[in-house]
Amino acid sequence: MMFIKKREVMNLKEFYFFSTLDENEIEELQKISILKKYSKNEILFYRGDESKYLYLLVSGVVKLYKHDYKDNEIIIHNINAPSFIAEIANYEENPFPANCSFETESEVILIDYEKFRDNFLHKKEISTLFIKSLSRKIKYLENFIHTNMTIDINAKVAKFIYDNEASLNTLKQVKIAEILNIREETLSRKITKLIKDGIIEKEKRNIKIVDRQKLLNQFL
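Residues numbered from 1 in each chain as written. Predicted model: local features only at pLDDT ≥ 70, side-chain atom pairs only at ≥ 80, totals over all residues. Heavy atoms only, no water.

## Focus: the overall build of the protein chain
- Assigned secondary structure in the protein chain consists of 8 helices and 11 strands.
- Taken over 220 residues, the protein chain has a buried fraction of 43%.
- Taking the intrachain contacts of the protein chain between residues at least 6 apart in sequence as the baseline, contacts between residues at least 24 apart amount to 69%.
- Carbon and sulfur atoms provide 50% of the accessible area of the protein chain, an area that totals close to 12700 Å².
- Taking the average location of the 36 positive side-chain charges in the protein chain and that of its 34 negative ones, the two points are 5 Å from each other. (Helix = DSSP H or I, 4+ residues; strand = E, 2+ residues; numbered from the N terminus. Buried < 20%, exposed > 50% of the residue type's maximum accessible area, 1.4 Å probe, protein only. Contact = heavy atoms within 4.5 Å. Areas by Shrake-Rupley, 256 points an atom, 1.4 Å probe, with all protein chains shown as cover. Lys, Arg positive; Asp, Glu negative; His and termini not counted. Charge placed at Lys NZ, Arg CZ, Asp CG, Glu CD.)

## Some words on the sheet that holds strand E3 (residues 43-45)
- Taken together, 4 strands build an open sheet; the order of strands is E3-E8-E5-E6 and the sheet is antiparallel. Single-partner strands in this sheet number two, and they are E3 and strand E6 (73-80). Mean inter-strand twist for the sheet, computed between neighbouring axes without regard to direction, equals 30°.
- Across the sheet, helix H6 (residues 173-180) touches strand E5 (61-67) and E6, and the angle it forms with E6 is around 110°. (Pairing = 2+ DSSP bridges. Axes fitted to C-alpha atoms, helices over the stretch in contact; angles between N-to-C directions.)

## A few points about the environment of Ser 59
- Among the secondary structure elements, Ser 59 is positioned in strand E4 (residues 53-59).
- Take Ser 59: its relative accessible area is 26%, and that puts it in the partly exposed class.
- Here the alpha-carbon distance between Ser 59 and Ile 109, two residues 50 residues apart in the chain, equals 9.8 Å.
- Once residues lying within four places of it in the same chain are set aside, the contact partners of Ser 59 are Ala 81, Glu 105, Ser 106 and Glu 107.

## Quick look at unusual backbone geometry
- Here Ala 81 and Pro 82 are connected by a cis peptide whose omega angle stands at -5°.
- In this fold, Pro 82 is placed in the loop between E6 and strand E7 (83-85).
- Phi angles above zero are rare outside glycine, and Ala 86 is one such case at about 50°.
- Backbone geometry places Glu 93, a non-glycine residue, at a positive phi of 55°.
- Mapped onto the fold, Glu 93 is located in the loop between helix H2 (87-92) and strand E8 (99-102).

## Brief notes about the environment of Asp 211
- Here Asp 211 is to be found in the loop between strand E11 (206-209) and helix H8 (212-217).
- On the accessibility criterion, Asp 211 (24% relative accessible area) is partly exposed.
- Note: C-alpha distance between Asp 211 and Lys 124 (87 residues apart in sequence) is 44 Å.
- Apart from the residues within four sequence positions on either side, Asp 211 is in contact with Gly 198 and Ile 199.
- In terms of polar contacts, Asp 211 uses its side chain to reach the backbone amide nitrogen of Lys 214, at 3.0 Å. (Polar contact = N/O pair within 3.5 Å; in protein donor to acceptor, adjacent residues only side chain to side chain.)

Rendered as structure tokens:
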């Protein structure tokens, strides 16, 4: 179920995207913004929806995903708060290129993009942060394409472990398999081999890299 909170309870200045705005500018931004609460598995938008709002995830986790020709879900990106969501669609004034749903209970600020563009995006500090956010998303997409299209499963698993060591202990194995778009039993076999080769250690959900160079060699 989705709830709408009153605009006046939002403290937009606490988010670094807007920390340079003065009180009058924050007040103007609040007038074009709505704070909403979403439940796990709710849909924020579908592929092809109009990108009328700029979405700022302020708490929780969302996933961007598509479906292949067999109707299998392909996860493109898991986004943690705080972060804009699919802002490249806003910037290019195109429909959203993927679906977006919530992985946890979350809160999102919906900002009228047309008014935000006209009144705020010309400000140097805001435009710089916005472009940096776009750049990070583009780099992530490039990495997604490389990981899913050009390297084999062994390299894909090794690269994920290498890149996400700090957050591995918070992810269930089924979730990692979902992110990598592979079967859980396939992931289990690959992890077992990395353990056997002395590259990683695993105790319950805790994965520890033992030989970082050997792990790196798996996908370079």
